[in-house]
Amino acid sequence: MPSCWKLIRWSLPNPEFYTLRYADGPQLYITEQTRSDIKNGTILRLAISPSRAARQLVDRIQSHSMEARLEAMKELAKLSADMTFATEFIHMDGLVVLTHLVESGTKLLSHYSEMLAFTLTAFLELMDHGIVSWDTVSITFVKQIAGYVSQPTVDVSILQRSLAILESMVLNSQTLYQKVAEEVTVGQLLSHLQVSNQEIQTYAIALINAFFLKSPEDKRQQEPLVNPLELPCTEMANTFAQKHLRSIILTHIIRGNRPIKTEMAHQLYVLQVLTFNLLEERMMTKMDPNDQAQRDIIFELRRIAFEAEAESHSLAGGGAEKRKAMYTKDYKMLGFTNHINPALDFTQTPPGMLALDNMLYLARCHQDTYVRIVLENSSREDKHECPFGRSAIELTKMLCEILQVGELPNEGRNDYHPMFFTHDRAFEELFAICIHLLNKTWKEMRATAEDFNKVMQVVREQITRALPSAPYSLDQFKGKLRSLNYSEILRLRQSERMSQDDFQSPPILELREKIQPEILELIRQQRLNRLCEGSSFRKVGNRRRPERFWFCRLALNHKMLHYGDLEDHAQGEVTLEALQEKIPVADIKAVVTGKDCPHMKEKGALKQNKEALELAFSILYDPDETLNFIAPNKYEYCIWTDGLNALLGKEMASELTRSDLDTLLSMEMKLRLLDLENIHIPETPPPVPREPSSYDFVYHYG
């Protein structure tokens, strides 16, 4: 323990038994490693050392008195979040004691659900520090925790902590994954999604996500399976699909009557990512040109698109060469790059076989759209046709990139899309919507084959602009895309270019610097005009007394500040004659804010009203007098501090001034640049021409 913390001055024996701890927030102990993190103004309190606290709690949680044990568990649940304490507690076999208490089940804890909840909280906090491996947890403990999840009448707090513990087991130990999978069923998890408690729903989805994340890939080669949760990821997804996981989430969570909290949104995002990651295998699978089953899919695409013609050709007969030529022609009309052997188009990964899956889904489930797109483009001139095959492959690749198929979920994201929970084949439906969009955009751009990449860039922009609106259905997503036609994309690009790219070029920055003083002067005049109108302020005093107000305003010549008490909160104009006191502006020495204000330094002022600290400011004037203010709101605070600083010739540094400056500068710049619309502004000024050899060309009058 550092010498500066010695407790001799307080005459406390055994100073090594004590330490310092934060008074507010997390109950974290101060150590030699963390003492440098203490900030000025932080309140600390004296506490017994972590080792002594751990020893006392180990003894107390084994007390014969249930009341004493309950109080010990409450304190343990708080302290277990601290790494220093957790290390001491675990080294004293405290974790073993907790495990035995849980394993004892009904003997000790059945009538004390509150105690069990705190016990499970402490256990989870202690394990989360990573001091002890999850592999050390016994099968008896796993069964006991899983038993709480399966009990229909278990206390909510116990159920929450049990689901959280099972999630950590699955995520941190492959051995425990199998043990938990043997004890927990799909039906139990789905039943917890249909309750009204969103916390329980969140923990249940988190456990489902954990099973998806840690599902063994080689389970097919192992012994026969007894629990659906032991299946490989794809088969597990099929099991959940059969149990209507998606529709349950849509009905009871997304379309429920409660707003989605942040943690629930994150878990839905994780589930969405993991669901799309099921497509990774197909996305990274190349087509085998010699596989007849795969080739039959291409034949199926041709048959659906040209069914009438195919039947007439089959009736007409013909040799192999004639059929080959006919197929080549059809594959060209389908928009494949390789007309002779289209299977070669699907050997690039990504998107691999996933592109072919999407095309077949479109042809079978949206046959009218598929046939219309193919025939419409095959009837155009060659240079204006939108190649369906190539477009479908590139679009599939693009959607995989946008939705980050194959990537792990990001811990900091919660941007799930409700529309993906409205359909069992959400990715294929998204493809069907976007291939129609691509064909529409192609026509709007009057594109040719050389414009293919440009069209794909516009389509990507349309999709990425529509997704952040988080439409609740695929139909809403279609509507959003309709509003983002090519003309709208051009308008948005132009608007953003004016506000970003062009505004960073040297000529524009130079113009901005010239305009800025004018705008600042405009803001300065506005602030002074507001001070001339005046404002009423609440008097600082005892909260139990009726609120009293006073008024302050600046003289029109900006030479005097007039102020005085009000009988009532002023609603209209207060004349200068009604204000008895005044301060010459020339006598003002400084304006101070926040903690520097004299009335904020008074004993008890901050304790009585902490929020006043952000709205407090004071005028210091000769000889040694002060005029103290507490603004009624943040806006008035900015107006008055800016105005007073402007009177003193100082910088107006409030958030309001920065906001007003940005807004007014942007508007003024756009107005001045209107005449230069669609005209390229060079990065450097044009060179000044050389002086002429003579000025004889000047015309002289007379």
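All values reported here derive from a predicted model rather than from experimental measurement.

### Notes on the overall build of the chain
Step number 1: In terms of helices and strands, the chain carries 29 helices and nine strands.
Step number 2: The buried share of the chain, taken over its 702 residues, is 44%.
Step number 3: Taking as baseline every contact in the chain between residues at least 6 positions apart, the subset at least 24 positions apart corresponds to 67%.
Step number 4: As displayed, the chain has an accessible area near 38,400 Å², and 50% of this comes from carbon and sulfur atoms.

### A closer look at helix 7 (residues 156-172)
Step number 1: Counted at 1.5 Å a residue, the expected span for helix 7 with its 17 residues is 24 Å, and the 24 Å between its end C-alpha atoms agrees.
Step number 2: The element helix 7 is extensively covered by neighbouring structure, given that 13 of its 17 residues are classed as buried.

### Here we look at the packing of aromatic side chains
Step number 1: With the rule as written, the count across this model stands at 22 aromatic pairs.
Step number 2: An angle of 85 degrees between the planes, with centres 5.0 Å apart, marks the rings of Phe-537 and Phe-629 as edge-to-face. Residue Phe-537 is located in strand 3 (residues 535-538), and its partner Phe-629 is located in strand 9 (residues 625-630); the two are separated by 92 residues in the primary sequence.
Step number 3: One aromatic cluster is present, formed by Phe-537, Trp-550, Tyr-563, Phe-617, Phe-629, Tyr-637 and Trp-640 through successive ring pairs.
Step number 4: Here Arg-21 stacks its cationic end above the ring of Tyr-29, 5.3 Å away from the centre of that ring.

### Considering helix 18 (residues 353-365)
Step number 1: Over its 13 residues, helix 18 runs 18 Å from end to end, which matches the ideal 18 Å to within 8%, given 1.5 Å per residue.
Step number 2: Taken together, the buried positions of helix 18 are Met-353, Leu-354, Ala-355, Leu-356, Asn-358, Met-359, Leu-360, Tyr-361, Leu-362 and Ala-363.

### Some words on the pairing of strand 4 (residues 549-554)
Step number 1: Taken across its six residues, strand 4 has six buried, putting it largely inside the fold.
Step number 2: Residue alternation in strand 4 divides its side chains into two sets, Phe-549, Phe-551 and Arg-553 and Trp-550, Cys-552 and Leu-554, and both sets are buried.
Step number 3: When strand 3 meets strand 4, the two strands line up antiparallel, connected through four bridges. By the bridge assignment for strand 4, Arg-538 is matched with Phe-549.

### Regarding the sheet that holds strand 3
Step number 1: As summarised here, the arrangement of the four strands in space is 3-4-5-6, forming an open sheet in which the pairing is antiparallel. Edge positions in the sheet fall to strand 3 and strand 6 (581-584), since each of these pairs with one other strand and no more. The sheet shows a mean angle of 25 degrees between the axes of neighbouring strands, taken without regard to direction.
Step number 2: Where strand 4 lies against strand 5 (residues 560-566), six bridges are found, and the strand directions are antiparallel. Following the sheet pairing, Arg-553 is matched in strand 5 by His-562.
Step number 3: Across the sheet, helix 25 (residues 506-533) lies against strand 3 and strand 4, angled at about 135 degrees from strand 4, the strand it touches most.

### Remarks on the pattern of salt bridges
Step number 1: Summed over the entire model, instances satisfying the criterion amount to 27 salt bridges.
Step number 2: A salt bridge links Arg-512 to Asp-662; the shortest N-O distance between them is 4.0 Å. Of this pair, Arg-512 sits in helix 25 while Asp-662 sits in helix 29 (residues 655-672); the two residues are 150 residues apart in sequence, bridging distant segments of the chain.

### Comments concerning the side chain of Thr-396
Step number 1: Relative to the elements of secondary structure, Thr-396 occurs in helix 20 (residues 388-402).
Step number 2: Once residues lying within four places of it in the same chain are set aside, the contact partners of Thr-396 are Pro-351, Leu-354, Ala-355, Asn-358, Phe-427 and Phe-431.

### Focus: unusual backbone geometry
Step number 1: Residue Pro-350 is reached from Thr-349 by a cis peptide bond, and omega for that bond is -20 degrees.
Step number 2: Counting through the fold element by element, Pro-350 comes out in the loop between helix 17 (320-333) and helix 18.
Step number 3: The linkage connecting Pro-350 with the following residue, Pro-351, adopts the cis geometry, with an omega of 15 degrees.
Step number 4: A positive phi angle, close to 55 degrees, is found at Gln-404, a residue other than glycine.
Step number 5: Among the structural elements, Gln-404 can be located in the loop between helix 20 and helix 21 (426-444).
Step number 6: Even without being glycine, Arg-446 reaches a positive phi, approximately 50 degrees.
Step number 7: Here Arg-446 lies in the loop between helix 21 and helix 22 (452-466).
Step number 8: Assessed through its relative accessible area of 68%, Arg-446 is described here as exposed.

### Quick notes on the environment of Leu-566
Step number 1: As for its position among the elements, Leu-566 is in strand 5.
Step number 2: Here Leu-566 falls in the buried class, since its relative accessible area comes to 18%.
Step number 3: For the pair Leu-566 and Phe-537, spaced 29 residues apart in sequence, the C-alpha separation works out to 9.6 Å.

### Notes on the sheet that holds strand 7 (residues 588-593)
Step number 1: One open sheet holds the three strands; their spatial order is 7-8-9, and the pairing between them is antiparallel. Only two strands of the sheet have a single neighbouring strand rather than two, namely strand 7 and strand 9. Across the sheet, the axes of successive neighbouring strands diverge by a mean angle of 15 degrees, strand direction being ignored.
Step number 2: Pairing between strand 8 (residues 616-621) and strand 9: six bridges, direction antiparallel. Considered in strand 9, the bridge of Phe-617 is made with Phe-629.
Step number 3: Packed on one face of the sheet, helix 28 (residues 634-647) meets strand 7, strand 8 and strand 9 and runs near 20 degrees to strand 8.

### Comments concerning the side chain of Thr-448
Step number 1: With respect to the helices, strands and loops of the structure, Thr-448 is situated in the loop between helix 21 and helix 22.
Step number 2: A distance of 3.0 Å separates a polar atom in the side chain of Thr-448 from a polar atom in the side chain of Glu-450.
Step number 3: Apart from residues lying up to four places away in sequence, Thr-448 is in contact with Lys-383, His-384 and Trp-442.

### Thoughts on the environment of Phe-336
Step number 1: Relative to the helices and strands, Phe-336 is located in the loop between helix 17 and helix 18.
Step number 2: Through-space distance from the C-alpha of Phe-336 to that of Gly-389 is 4.7 Å; in sequence the pair is 53 residues apart.
Step number 3: Among residues more than four places away in sequence, those in contact with Phe-336 are Ile-298, Leu-301, Tyr-331, Pro-342, Asp-345, Phe-346, Met-359 and Gly-389.

### Digging into the packing of helix 1 (residues 50-60) against helix 3 (residues 83-91)
Packed helix pairs are characterised by how far apart their axes lie and by the angle those axes make with each other.
Step number 1: Packing of helix 1 against helix 3 brings their axes to within 8 Å, and their N-to-C directions diverge by 50 degrees. In terms of orientation, helix 1 and helix 3 fall into the oblique class. Considering the relative orientation of helix 1 and helix 3, their crossing is right-handed. Mapping the contact onto sequence places Pro-50, Ser-51, Ala-53, Ala-54, Leu-57 and Val-58 in helix 1 and Thr-84, Phe-85, Glu-88 and Phe-89 in helix 3.
Step number 2: A breakdown of the residues in the contact of helix 1 with helix 3 according to their chemical character gives seven nonpolar, two polar and one charged.

### Some points on the confidence of the model for the chain
Step number 1: Chain-level statistics for the chain give a pLDDT mean of 85 and a share of 85% at 70 or above.
Step number 2: Below a pLDDT of 50 lies the segment residues 1-8, which in the model reaches 16 contacts outside its immediate sequence neighbourhood of four places, other chains included.
Step number 3: Below pLDDT 50 for its whole length, residues 218-226 participates in eight contacts with residues either more than four positions away or in separate chains.

### Some words on the nonpolar core
Step number 1: The biggest cluster of nonpolar side chains holds 85 residues, and the ones touching the most others in it are Phe-89, Met-169, Leu-193 and Ile-249.
Step number 2: It is helix 5 (residues 113-128) that provides the largest number of residues to this core, a total of nine residues.
Step number 3: Not counting residues within four places of it along the chain, the set of residues in contact with Ile-249 comprises Leu-193, Ile-205, Ile-254, Leu-268, Leu-271 and Phe-421.
Step number 4: Counting 67 residues, the second largest nonpolar core, distinct from the first, contains Phe-306, Ala-355, Tyr-370 and Phe-431.

Conventions adopted
Residues numbered from 1 in each chain as written. Predicted model: local features only at pLDDT ≥ 70, side-chain atom pairs only at ≥ 80, totals over all residues. Heavy atoms only, no water. Helix = DSSP H or I, 4+ residues; strand = E, 2+ residues; numbered from the N terminus. Buried < 20%, exposed > 50% of the residue type's maximum accessible area, 1.4 Å probe, protein only. Contact = heavy atoms within 4.5 Å. Areas by Shrake-Rupley, 256 points an atom, 1.4 Å probe, with all protein chains shown as cover. Expected span 1.5 Å × (residues − 1). Phe/Tyr/Trp six-rings, centres within 6.5 Å; stacked < 30°, edge-to-face > 60°. Lys NZ or Arg CZ within 6 Å of the ring centre and 35° of its normal. Pairing = 2+ DSSP bridges. Axes fitted to C-alpha atoms, helices over the stretch in contact; angles between N-to-C directions. Salt bridge = Lys/Arg side-chain N within 4 Å of Asp/Glu carboxyl O. Polar contact = N/O pair within 3.5 Å; in protein donor to acceptor, adjacent residues only side chain to side chain. Parallel < 35°, antiparallel > 145°, perpendicular 65-115°, else oblique. Left-handed = near helix turned anticlockwise from the far one by under 90°. Nonpolar A, V, L, I, M, F, W, Y, C, P; charged D, E, K, R; others polar. pLDDT = per-residue confidence, 0-100. Core = buried A, V, L, I, M, F, W, Y, C linked by side-chain atoms within 4.5 Å.

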